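Chain residues, written in single-letter form:
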Amino acid sequence: MERKMMKNYVLALLWATFMFGGCLARVVTVSPGPLIRVESQPVSIRCDVNDYMGPREQDFEWMMSREDNGQRMKIISTFDASYSHPSLSKRVASGDIAMMRLQDNVVELKIGEAKSQDAGFYWCQTPSTDSVFSGNYEAQVQLIVIPKTLKVTPQTPPSVVPEGSDVTLSCNVTRELTQPTYLSVTWLLKKGGTSEEILTFGPQGDVVTGAKYVRRYADGAIRLVPGRNGLFELVISRVTTLDEGIYECNGTEWTHENGGKWIQIVGSTKEMGTVAVTPTGQSLSVKASSSSSPPSMNLHLTPGDKLTLICSVAANNLPSLSLEVSWLANGRDVITMERNGVVISNMSASSAQGNHGEANIERTGADEYRLVMRHVSTEDGGTYACRVRAFIEKGGKSSGGGGRWHMAAEKTSSPVTVKVSQIKPSFTLDIETIVHPQMTSEPTELACHVTNITHLPLGGRLGVTWEHTALPGAASEPQATHSVGSIDGYGNLLPGAMYSDRLESGMVSLTKVQPDTFKLRFLRTQEIDMGQYVCAVSAWSINTQNDVVKTAEHQSLPMTLRWDPKRPSLNVVAKRIREASVGGATFDMSCTVATQNLGEAGYSVLIQSQDSLESNVRTIMTLSPDSVMQHGGATDPNRRDSLVLTKSGPTEFRFRLGGVQLSDRGFYWCDITAWTKQQPGQAWTRATSAESNKVKIDFQENGPSFSIAIHSDTSTVYPWQTAKMKCSLRISGSSPKTGSLEPWNLLEGLIWRNPIRLFSFPQTAILVL
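The structure presented is a predicted model; accordingly, all values stated were derived computationally and were not measured.

K.L.:
An account of the confidence of the model for the protein chain is requested, with residue identities and associated values reported.
P.N.:
The pLDDT averaged across the protein chain works out to 83; a share of 86% of its residues lies at or above 70. When the criterion is pLDDT under 50, residues 349-354 qualifies, and its contacts beyond four places in sequence or with other chains add up to 4 contacts. Counting interchain partners and residues more than four positions distant, the pLDDT-below-50 stretch residues 734-769 has 43 contacts.

Shown next, in the form of structure tokens:
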């Protein structure tokens, strides 16, 4: 068997020699040294072989000596299990010393826990599988084992920090310098079971940040503050709730081996402590109150006053916060101060600014903002609250060029109730009758006196409304109340619907005779004016927009206006002034009127007659209240010129009947009606009427009688014009001698007078002018 293996081995060597032409030379290398390692820490020494002949998988042997030229001790071999020196066999058997094959031609010697006696020189050997001996078959490296002197001493950070504040993580990392080793310090944040690297400083003096902290470090929100004597500080600015957890500090000792490779030889990680970040919303408190002392949550103002409210802000991290403060009225933004101090009023010109006071906000301290609203109106009443939005700067620049901000919290205060109402003026009213009517149509005057006036603001004024309530049964709607009229705060007269005409005509007037006295006058009082009168006086004030608004109204006690409504009556007396005893004579009669319960009036007169007390009544002529005369239907048109009806006195009328005839005999009297006017220009209203006593025309005629009437076609004639006059002769009765008489038999001796005698002509004459 051994011969066969040797034969194969020889054949392999011959084949390798043929293939490579004897140009290869074995090269064995180990990790460049010296290797500085720390006691009790693992050690790995790599060994690889290249440019060799023979099988791909090579064998390796490790030996060491505490001196460079000292006796070598066998450590471990890949093909001989009994290779180890007795002093090392237990460690090899326990695995504390082992050799791990990494590749066919690469192995690694591993020492689990280096000991001080492990320091020395180490050789890696490879048994030859080459056809010829060429190159090197072993390599040496020195291992230096230094004591473990690395110390990591963290300082416990505050367990609770407010959001937006800074956290300083201090860690002291030291070691005893016996060999050229280097230190690094790393801060880590542990959440759950995973630790995430924040920042590492060293070992070359460089800084490496964790993936999630690159931007914050670049923005300056994370910065390293190296100290003395191994003290390192990491400052995390403007912390958020994402920064809470368990912080750890890792100190690492490094060696820089030949070839430029940094090797971590020992490290220590210590927990620094748990840091909890209090959200801004938990510590942020906002309180709104009045500026009065003590502060009040309820305010009562009058229009025109100044409203001042204070917004107090408190937070654990107030210095690190940037605040946006807004005042809200009834949930609506009134005014806002942004983070940069710019004030924005949310009461635009299109939102009826004129109905509200002028608002302003100012910062009076680090934690205090004041709202000032001047010239408040009633529309400014409501609930006011202060809303605070707290921002924390993230650092760096936003895409717009400004800083990057994070809104950490928003909170609104409890409301302050503001009532804006006029303190209503107070006064007392007294209504009295200045002129009391004794009867219908007489004047009436009422006065309303305002006394004990208080709380009437400067520039305030008074108005009045007069109301009338009819007496029961005096109107279609019993006890119905109607407005006579009003004088408002502008001094305008506002007539009531039922009194509009009388007010416009002046028959009723409302006046303000003094600042505190109002009068109601009736020029001619009517029966419907009886009843109860009330004056309601209103107080008016001028608001901030110079509008006059009603602020209060008080009503007087009712005052009853009543008189005995005596009915007007007439007494007409007719008497004979001239008696007609013969035909052709003139009859004169006067009618005198006596009145009761009737004021100024006009009269219409009807002259009526009848042949006997049982016969029909005839209207001879009429006279209207406006003195317009008309003839009645019973009047002979040819005799109208002999009828005269005139007003001979204020209450006396005269009737004349010229040339009475037998047909005129009978009874004559006056039917007189009294008329009144409520106001000039209105139609006459009938008041009452009465008939006089009857006067009789009664005479006996023994001969003929006649009457004469003259008529002209014009009343004006010029010298060159022609005028015609007609003389009418009416004959009645008969002559006792002849029994009959023709009209023309009497023409002789007819005389024309104007007013002197002009001429006379016989019965056959014709006169033309």
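K.L.:
Before we move on, can you summarise the packing of aromatic side chains with the specific residues and values?
P.N.:
What describes a pair of aromatic rings is the distance from one ring centre to the other and the angle between the planes of the rings. A complete count under the given rule lists 6 aromatic pairs for this structure. Pairing Phe522 with Tyr533 gives two aromatic rings, centres 6.0 Å apart and planes at 70 degrees, and the pair type is edge-to-face. Of this pair, Phe522 sits in strand β37 (residues 517-522) while Tyr533 sits in strand β38 (residues 531-542), and the two are 11 residues apart along the sequence. The two residues Phe522 and Tyr533 agree in class, both being buried. Taking 6.2 Å as the distance between ring centres and 25 degrees as the angle between the ring planes, the aromatic pair formed by Phe655 and Tyr668 counts as stacked. Placement of Phe655 in strand β47 (residues 652-657) and of Tyr668 in strand β48 (residues 666-676) is noted, with a sequence separation of 13 residues between them. Overall, Phe655 belongs to the buried group, its relative accessible area being 0%. Three or more aromatic residues link up through ring pairs in this structure, and these residues are Phe587, Phe655 and Tyr668. Its end group placed over the ring of Phe699, Arg665 keeps NZ or CZ at 5.9 Å from the ring centre. Between Lys694 and the ring centre of Trp669, over which it is positioned, the NZ or CZ distance is 4.3 Å.

K.L.:
How would you sum up the pairing of strand β23 (residues 322-329)? Please name residues and give values.
P.N.:
The buried count for β23 comes to 8 of 8 residues, which makes it a mostly enclosed element. Relative to strand β24 (residues 332-337), β23 runs antiparallel, the two being bridged by 5 bridges. Each residue of the ladder has a partner; that of Trp327, found in β24, is Ile335. The antiparallel pairing of β23 with β24 creates a hairpin that spans 2 residues between the two strands, and Asn330 there sits at a positive phi of about 55 degrees.

K.L.:
Can you tell me about the environment of Leu299, naming the residues and giving the values?
P.N.:
By secondary structure assignment, the location of Leu299 is in strand β21 (residues 298-301). You can call Leu299 buried: its relative accessible area is 17%. Distance in space between the C-alpha atoms of Leu299 and Gly381 is 9.5 Å, their sequence separation being 82 residues. Beyond its immediate sequence surroundings of up to four residues, Leu299 is in contact with Ser290, Leu307, Leu309, Thr417, Val418 and Lys419.

K.L.:
Break down the sheet that holds strand β17 (residues 231-236) for me, with residues and values.
P.N.:
Spatial strand order, β10-β12-β17-β16: 4 strands in an open sheet with antiparallel pairing. At either margin of the open sheet sits one strand with a lone partner, and together these are β10 (151-154) and β16 (222-226). Neighbour-to-neighbour, the strand axes of the sheet open up by a mean angle of 20 degrees, direction not taken into account. Two elements, β16 and β17, share 5 bridges in a ladder whose sense is antiparallel. By the bridge assignment, Ile222 is partnered in β17 with Ile236.

K.L.:
Describe the sheet that holds strand β7 (residues 106-111), with residues and values.
P.N.:
Across the sheet, which stays open at both edges, the 4 strands sit in the order β1-β3-β7-β6 with antiparallel pairing between neighbours. Both edges of this open sheet fall to β1 (27-30) and β6 (97-103), since each of them pairs with a single strand only. The sheet shows a mean angle of 20 degrees between the axes of neighbouring strands, direction not considered.

K.L.:
Hey, could you go over the pairing of strand β19 (residues 261-278) for me, with residue numbers and the actual values?
P.N.:
Pairing analysis gives 3 bridges linking strand β11 (residues 160-162) to β19, with the strands arranged parallel. Within the sheet, the bridge partner assigned to Val160 lies in β19 and is Ala276. Relative to β19, strand β18 (residues 245-257) runs antiparallel, the two sharing 13 bridges. Counterpart to Cys249 in the pairing with β19 is Lys270. Hairpin remark: β18 followed by β19, antiparallel, with 3 residues in the connecting loop; positive phi at Gly259, about 105 degrees.

K.L.:
I'd like to hear about the state of the cysteines, residue by residue, with values.
P.N.:
Between two cysteines, a covalent bond joining their sulfur atoms is known as a disulfide. In total, this model carries 5 disulfides according to the counting rule given. Two residues share a disulfide in this structure: Cys47 and Cys124, whose sulfurs sit 1.9 Å from each other. With the S-S bond torsion at -85 degrees, the cross-link from Cys47 to Cys124 turns out left-handed. Placement of the pair is Cys47 in strand β3 (residues 43-50) and Cys124 in strand β8 (residues 120-125), with a sequence separation of 77 residues. Both residues of the pair, Cys47 and Cys124, count as buried. Between the sulfur atoms of Cys591 and its disulfide mate Cys670 the distance is 1.8 Å. Torsion about the S-S bond of the Cys591 and Cys670 cystine: about 85 degrees, corresponding to right-handed handedness. With Cys591 in strand β42 (residues 587-596) and Cys670 in strand β48, this pair connects stretches of sequence that are 79 residues apart.

K.L.:
Requested: an account of the pattern of salt bridges, with residues and values cited.
P.N.:
Pairs can form between side chains of opposite charge once their charged atoms are near each other. In total, this model carries 23 salt bridges according to the counting rule given. A salt bridge links Asp219 to Arg215; the nearest nitrogen and oxygen atoms lie 3.8 Å apart. You can see Asp219 and its partner Arg215 sitting in helix α3 (residues 214-219), 4 residues apart, about one turn around the helix. Note that Arg521 and Glu445 form a salt bridge whose closest N and O atoms lie 3.0 Å from each other. In this pair, Arg521 sits in strand β37 while Glu445 sits in strand β32 (residues 444-454), placing the two residues 76 residues apart along the sequence. Take Arg521: its relative accessible area is 27%, and that puts it in the partly exposed class. Here Glu445 falls in the buried class, since its relative accessible area comes to 12%.

Conventions we followed
Residues numbered from 1 in each chain as written. Predicted model: local features only at pLDDT ≥ 70, side-chain atom pairs only at ≥ 80, totals over all residues. Heavy atoms only, no water. pLDDT = per-residue confidence, 0-100. Contact = heavy atoms within 4.5 Å. Phe/Tyr/Trp six-rings, centres within 6.5 Å; stacked < 30°, edge-to-face > 60°. Helix = DSSP H or I, 4+ residues; strand = E, 2+ residues; numbered from the N terminus. Buried < 20%, exposed > 50% of the residue type's maximum accessible area, 1.4 Å probe, protein only. Lys NZ or Arg CZ within 6 Å of the ring centre and 35° of its normal. Pairing = 2+ DSSP bridges. Axes fitted to C-alpha atoms, helices over the stretch in contact; angles between N-to-C directions. Disulfide = S-S within 2.5 Å. Salt bridge = Lys/Arg side-chain N within 4 Å of Asp/Glu carboxyl O.

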